[in-house]
Every structure is written in structure tokens, then in C-alpha cells.
Amino acid sequence: MKFEDLKGFAFDLDGVIADTARFHGQAWHQLADKVGTEWTPELADSLKGVSRMDSLELILKAGGHENDYTQEQKEALATEKNDNYIKLVETLTPADILPGMKNLLDELKDNGYHIVLASASKNAPKVLKYLQITDYFEGIVDPAKLSHGKPDPEIYSEAAKLMNLPANQVAGLEDAQAGVESINRAGEVSIGFGASLKDAAVKFDNTSEVSLAAIKEQMA
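All of these numbers come straight from a predicted model, not from anything done at the bench.

Chemist: Would you explain the nonpolar core in this entry?
Modeler: Here is a general trend for soluble globular proteins: nonpolar side chains tend to be buried in one another's company. Judged by nonpolar contacts, the single largest core of 42 residues is most densely connected at Phe9, Phe11, Met101 and Phe137. Each of domain 1 (3-18 + 94-219) and domain 2 (21-90) accounts for three or more of the residues forming this core. Counting 14 residues, the second largest nonpolar core, distinct from the first, contains Ala10, Leu146, Ile155 and Ile183.

Chemist: Quick question: what am I supposed to make of the sheet that holds strand E2 (residues 114-117) here?
Modeler: Hydrogen bonds between backbone groups are what pair the strands of a sheet, and the pairing can be parallel or antiparallel. Reading across from one edge, E3-E2-E1-E4-E5-E6 is the order of the six strands in this open sheet, with parallel pairing throughout. With one partner strand each, in any of the chains shown, strand E3 (139-140) and strand E6 (202-204) form the two edges of the open sheet. As paired strands, strand E1 (residues 8-11) and strand E4 (residues 170-174) are joined by four bridges and run parallel to one another. Bridged to Phe11 within E4 is Leu173. Running at roughly 150° to E1, helix H5 (residues 101-110) makes contact with E1, E2, E4 and strand E5 (189-193) of the sheet.

Chemist: Before we go on, may I ask you to explain helix H3 (residues 52-62) in this structure?
Modeler: Each turn of an α-helix holds 3.6 residues, which means side chains three or four residues apart point in the same direction. What H3 keeps buried is the set Ser55, Leu56, Ile59 and Leu60. In a view along the axis of H3, the buried residues occupy a sector of 135°, so they form one face of it. Residues of H3 that are exposed and point over 90 degrees away from its buried face: Lys61 and Ala62. The inward-facing, buried residues of H3 abut helix H1 (21-35), helix H2 (41-46) and helix H4 (71-89). Directly beyond the C-terminal end of H3, a positive phi value near 70° is found at Gly64.

The rules behind these values
Residues numbered from 1 in each chain as written. Predicted model: local features only at pLDDT ≥ 70, side-chain atom pairs only at ≥ 80, totals over all residues. Heavy atoms only, no water. Core = buried A, V, L, I, M, F, W, Y, C linked by side-chain atoms within 4.5 Å. Buried < 20%, exposed > 50% of the residue type's maximum accessible area, 1.4 Å probe, protein only. Domains from an automatic or database assignment. Pairing = 2+ DSSP bridges. Helix = DSSP H or I, 4+ residues; strand = E, 2+ residues; numbered from the N terminus. Contact = heavy atoms within 4.5 Å. Axes fitted to C-alpha atoms, helices over the stretch in contact; angles between N-to-C directions. Arc of directions from axis to C-beta.

Written as C-alpha cells, this is what we have:
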């Protein structure tokens, strides 16, 4: 795909626009302590880009507690985690936007690109509100309407539909391997942040390196 073909950009949220992943980590850590599962870096890493209920299942399984709770109790635990997460989200300010991202959003807007959000987080609208960047996005993929999570391509396919664009005119931005795979399987251009994302078509070590010119250079 050529850079000139790109008309729209679909953004993941956690780890791309802001580091809300640390809030998820804090809230999940609290929950792991509550259910008696040891919190480890490996467990924390396994939750990246995974839905709330699936994350809870991973935590319960890691501690051998997967059969200790009814579905109703599991939903209550997931709600408790989310309540703790939202309290942390409400402390966000524009200063929490990751380096380079506000400039990229400005560039995209000034150059007439479509911009949507493709995040598995049901709290994405709230996060954008506190970061004061809601107006940049013409749409947000509703994770409640999706049948499959990343690495399934559904969320990025839906992002392209929101922009009324074919997949080959869309780029997706991700910091997790499952997300990059989701973009690639949707037939879009994957832009990855993090040295370990080997399958990303365009790669940056961190968000501070990104710009339209830098993306164009790697796609040349």
C-alpha cells in the first residue's frame, strides 16, 4: 500500500494515545489481590488488549480460581474493577496524552484525514473527555457491538466502515501484538509502537517518533 492511498486513521487508546493501561494494571492488581491470585509481570502483560471479562477469567485461572465464582459473582468483580479504574481515569488531564500524539492528531485533522477510535475499552469516551480530545474523532467503534476481540480483525473492519473507507485506505495504530494482528487481518496498514511488534508494517520504538512525514518515509 502507498502512503498516498491513506484517507483514514484508526487509533487504539491504551498505550497509543494515553497510558491508561497503568490504571487498568492498578485496578486489576487490586482485584487479583482480592481473589487471591499472585500479581506477576507475566499476568499483567497477558491482559494487554484483552476484554474485561476475558481479563478476569485470565486472573482467576492464573490463581486456580476459575471455578470458585458464579457468572453473577464474576460480573460483580468485573464491575468493581471498572469502578476502581474509572476513579483513576477521572484524574487524567491533557498532560497525560503520550508524547507526539497531540501533534499527530493536529496533523491529521489539518490535512483532512478521517480519525476514529478502535479501542476495546468501554470507557474510551470518558478517557477522551478528560484528555480533552473528543472533537478530533468523528466516531468511536462501540466494543459492546463486537462479537470478537483482538486479534480478530472485526474492530478495525468496523473502524473502516465508520469512516466509509475501504480497508486499503486505512491505517491502524497499536502498541500490542494482538492489535497489530487485528489491523493486518483487516487488510489495513499497521503502525506499531514498541520494538517487539515485529509484524507491524510501520514501526516506531515509541509515540514521540511518530508524524505524518515519518509514516510516509517508512511506507515509501
